[in-house]
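# What the coordinates show
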Amino acid sequence: MTLKILVGGYSSIITALLYTPNGSGTGSLSQLSQSNAGTNPSWLALNPSNSSILFANQETYGGSIWSFDIDPTTAALTKKSSGSTGGNNPAHFAVLFGGGNEIIAANYDGASTVDMVLGSDRETFSGTTGPMVTYSGSGPNSSRQSVPHPHQVIEYIINQELLINDLGSDKTWRLSRSSSGAWQNSGYVQHPGGSGPRHGVVLNGNLYTVHELSNTLTQHTLPMLGSGTASQLVATLPVIPPGASNTTLAAAELLLSPKNCMYPTQYLYATNRQDTDANGDTIAIFSLNPLQLVGHVRTGLKAIRGAALGGPNGEYLVAGGQNGGGV
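An account of the accompanying structure is given in this report. Because the structure is a prediction, the values reported are computed rather than measured.

Quick notes on the rules
Residues numbered from 1 in each chain as written. Predicted model: local features only at pLDDT ≥ 70, side-chain atom pairs only at ≥ 80, totals over all residues. Heavy atoms only, no water. Helix = DSSP H or I, 4+ residues; strand = E, 2+ residues; numbered from the N terminus. Buried < 20%, exposed > 50% of the residue type's maximum accessible area, 1.4 Å probe, protein only. Contact = heavy atoms within 4.5 Å. Pairing = 2+ DSSP bridges. Axes fitted to C-alpha atoms, helices over the stretch in contact; angles between N-to-C directions. Phe/Tyr/Trp six-rings, centres within 6.5 Å; stacked < 30°, edge-to-face > 60°. Salt bridge = Lys/Arg side-chain N within 4 Å of Asp/Glu carboxyl O. 1 Å grid on protein atoms, 1.4 Å probe; cavity = no way out; pocket = protein on both sides within 12 Å on 5 of 7 lines; lining within 4 Å. Points joined across faces, edges and corners; volume = space filled by probe spheres on them. Nonpolar A, V, L, I, M, F, W, Y, C, P; charged D, E, K, R; others polar. Core = buried A, V, L, I, M, F, W, Y, C linked by side-chain atoms within 4.5 Å.

We now examine the side chain of threonine 216. Within the secondary structure, threonine 216 sits in strand β19 (residues 216-221). Judged by relative accessible area, which is 14%, threonine 216 ranks as buried. Ignoring any residue separated from it by four or fewer positions in sequence, one finds threonine 216 in contact with Thr209, Val210, His211, Thr236, Leu237, Pro238 and Val239.

Now for the sheet that holds strand β15 (residues 171-177). Across the sheet, which stays open at both edges, the 4 strands sit in the order β13-β14-β15-β16 with antiparallel pairing between neighbours. Across the chains shown, the open sheet's two edge strands, defined by having one partner strand only, are β13 (150-156) and β16 (183-190). Direction aside, the axes of adjacent strands within the sheet are offset by 25 degrees on average. When β15 meets β16, the two strands line up antiparallel, connected through 6 bridges. Within β16, the position partnered with arginine 177 by the bridge is tryptophan 183.

This brings us to the packing of aromatic side chains. Overall, the coordinates contain 5 aromatic pairs when judged by the stated rule. Judged by centre distance (6.1 Å) and plane angle (80 degrees), the rings of phenylalanine 55 and phenylalanine 125 are edge-to-face. Residue phenylalanine 55 is found in strand β5 (residues 50-58), and its partner phenylalanine 125 is found in strand β11 (residues 125-129); the two are separated by 70 residues along the sequence. The buried category is assigned to phenylalanine 55, whose relative accessible area is 0%.

Turning to the pattern of salt bridges, a few remarks are in order. For side chains bearing opposite charge, pairing can occur when the charged atoms are close. Under the definition given, this model contains 8 salt bridges. Residue lysine 80 is joined to aspartate 69 by a salt bridge in which the shortest nitrogen-to-oxygen separation is 3.8 Å. You can see lysine 80 sitting in strand β7 (residues 77-84) and its partner aspartate 69 sitting in strand β6 (residues 64-70), a full 11 residues away along the chain. Given the relative accessible area of 44%, lysine 80 is considered partly exposed. Close ionic contact of aspartate 277 with arginine 298 constitutes a salt bridge, the shortest N to O distance being 3.7 Å. Here aspartate 277 is found in the loop between β22 (267-271) and β23 (282-287), whereas its partner arginine 298 is found in strand β24 (residues 292-298), with 21 residues between them in sequence. Residue classification places aspartate 277 among the partly exposed residues on the basis of a relative accessible area of 27%.

To continue, consider empty space enclosed by the protein. By the definition in use, this model includes 1 cavity of 30 Å³ or more. Surrounding the largest cavity, Ile104, Thr113, Val114, Asp115, Pro131, Val133, Leu175 and Trp183 form its lining. Across the lining of the largest cavity, the residue classes tally to 6 nonpolar, 1 polar and 1 charged.

This part takes up the nonpolar core. With 17 residues, the main nonpolar core has Tyr208, Leu217, Val239, Leu254, Leu268, Phe286 and Leu291 as its most contacted residues. Every residue in contact with tyrosine 208, bar those within four places of it in the chain, is listed here: His199, Gly200, Val201, Leu203, Leu217, Thr218, Gln219, Leu254, Leu268, Leu288, Asn289 and Leu291.

A few words now on unusual backbone geometry. The peptide bond linking asparagine 289 to proline 290 adopts the cis configuration, its omega dihedral lying at 5 degrees. Topologically, proline 290 is positioned in the loop between β23 and β24. For alanine 111, which is not glycine, the phi dihedral falls at a positive 50 degrees. Inspection of the secondary structure puts alanine 111 in the loop between β9 (102-109) and β10 (112-118). Judged by relative accessible area, alanine 111 falls into the buried class, the value being 13%. A positive phi angle, close to 65 degrees, is found at arginine 122, a residue other than glycine. With respect to the element layout, arginine 122 can be found in the loop between β10 and β11.

Pasting the structure below:
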């Protein structure tokens, strides 16, 4: 079966690619279409209740989220609506699974997250927003951590909370619903000073986080809010390959493989950026329980900023080089 891949970035377009497997573990990529998508659509997400609806951020001052209809044949995009995030440079957002009519966006410059409500069609921004949650704090890296920088929104469905990775304050904020239904700040997980938590995943009561500034992967326990039990740091491992410079590389994405009958064992994949090796950046692979490095795979890409898992069983990892190497 063929797979369609949507690629955003720091430009004005979103490109649709077609991947055609050849049965031997490789395949071919071809371009299907390109669509105008505003300014810096660097994060893309489908509506979980309707995969023909795409959302893209506008990572710029006066940030916003745009919605698009996806053509089923060419994957060309038609803009349908937009909504302001109330802040600057929204680097990430999450479309919540509870009906697909709520988006939480993180303003990297603005130290805030905002709850954006969608209409009944799940793609038109209603103009209604919940109370904005603002954050405070800083970290020891004065050039990167003078103020909070929310970098990711994780929906933790089991605990009915949101996790906000804050690169600027070395915290993962924990948001819960108030009695009115609005999101409120209810606590945090403290990360090592100067680590810069960027992206993470949750599995079996544990938070796994990749850190942009320290190039590490951490595992923290994630007890229930209100339980009186504090989160504990279980493990810290480097993500960069042996011999690489910890001062020039910058870890970016963290992916968790799905568990299914074809692939019953789950792994974590952490991307590295800005490696000077001629063979490009690596993706570090980690096994779980206990957390340990399996190995590094060279990709030929320069500055892997985005990556995703896809295919019927999550058997394909797609990565893009921001500064070269393609997809």
